[in-house]
Structures are given as structure tokens and as C-alpha cells.
Amino acid sequence: MECRVEINGLRLFARHGVMEQERVVGNLFEVSASLGYPFGQAMTDDDIAGTLNYAEAVEVIKEQMAIPSKTLENVLFRLKTALSDRFPLISSGTLRIAKITPPISAELRDVAVKISW
């Protein structure tokens, strides 16, 4: 049985952006993840060892978000790699990173990039 662990709307301050100033000043970002994981054992045994520990997954996300990048695509790649390395049983996923206040003159909620595998 495959189920999903979801981390929704994790807000973090980070220093990502094409412009140098974005990497100096920083911005608020929102990360969401939906990770396919076989946690049938946790369902029957009530043991955290049989599931994807979302607290650990949040720490992995925070570590990767702390590394400045020019593109959000690069951050997504690093997130996918780090999460897959930490939790090798992840079978599928979706990751989304939104920049809350991008440096453009337009009224919008956010801009985001998203990958699924």
C-alpha cells in the first residue's frame, strides 16, 4: 500500500534569486511536499520506524533552503535529491516552492515552481 505524507505551506526565510540583491536581502518562501511512501507497517504496528518521519523531512527541507541558489529549479532538484537520499523508500512525489514577494511590479500572491516524479 502506498500512502502520502504531505507537508503543506512550510514558510521559510531564504536567499534565492537571480538578482544579487535577492541573495543578500532574502525573501519569504513557502514549500509544500507530497511524498509517496509505503507506510503500511506504521498503520498496523503503530511504529514511527515504518513511516516517513515528517519532522525529519522538514529538517531536510530547512537545510536545503538555507543554501542560496539563483534558481528555484536548482533548489527543487536539491530538495528531491536530499529527501530521496534520506528516505530511499520514497516512490513518488511533488515539491512546490513559492516566492512570496518576488521583485517584480505586479500584484500577485506568489510565483512558484513545481516538480512531480
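Residues numbered from 1 in each chain as written. Predicted model: local features only at pLDDT ≥ 70, side-chain atom pairs only at ≥ 80, totals over all residues. Heavy atoms only, no water.

Peer 1: Could you clarify how one ought to interpret the sheet that holds strand S2 (residues 27-37) in this entry?
Peer 2: Paired through backbone hydrogen bonds, the strands of a sheet run either parallel or antiparallel to each other. Spatial ordering of the open sheet is given by S1-S2-S3-S4, a layout of four strands whose pairing is antiparallel. This sheet does not close on itself; its edge strands, each paired only once, are strand S1 (3-14) and strand S4 (111-116). On average, adjacent strands in this sheet sit at an angle of 10 degrees to one another, irrespective of strand direction. As defined by bridge partners, S2 adjoins strand S3 (residues 92-99) across eight bridges and the pair is classed as antiparallel. By the bridge assignment for S3, Ser 32 is matched with Arg 96. Of the strands in this sheet, S1, S2 and S3 are in contact with helix H3 (residues 54-65), which crosses S1 at around 35 degrees. Where helix H4 (residues 72-86) meets the sheet, its contacts fall on S2, S3 and S4, and the angle it forms with S3 comes to roughly 145 degrees. (Pairing = 2+ DSSP bridges. Helix = DSSP H or I, 4+ residues; strand = E, 2+ residues; numbered from the N terminus. Axes fitted to C-alpha atoms, helices over the stretch in contact; angles between N-to-C directions. Contact = heavy atoms within 4.5 Å.)

Peer 1: Can you walk me through the packing of aromatic side chains in this structure?
Peer 2: Ring pairs (aromatic) are described by centroid distance and by the angle formed between their planes. Under the defined criterion, the tally for this structure stands at zero aromatic pairs. Between Lys 80 and the ring centre of Trp 117, over which it is positioned, the NZ or CZ distance is 4.9 Å. If you follow Arg 86 out to its NZ or CZ, it ends over the ring of Phe 87, 4.7 Å from the centre. (Phe/Tyr/Trp six-rings, centres within 6.5 Å; stacked < 30°, edge-to-face > 60°. Lys NZ or Arg CZ within 6 Å of the ring centre and 35° of its normal.)

Peer 1: Explain the pattern of salt bridges to me, please; I cannot follow it from the model alone.
Peer 2: On inspection of all chains with the given rule, the structure shows six salt bridges. One salt bridge connects Arg 11 with Glu 30, and the closest N-O pair in it is separated by 3.0 Å. With Arg 11 in strand S1 and Glu 30 in strand S2, the pair connects residues that are 19 residues apart, well separated along the chain. Here Asp 110 makes a salt bridge to Arg 109, at a shortest N to O gap of 3.7 Å. Residues joined in a network through salt bridges with shared partners are Arg 96, Arg 109 and Asp 110. (Salt bridge = Lys/Arg side-chain N within 4 Å of Asp/Glu carboxyl O.)

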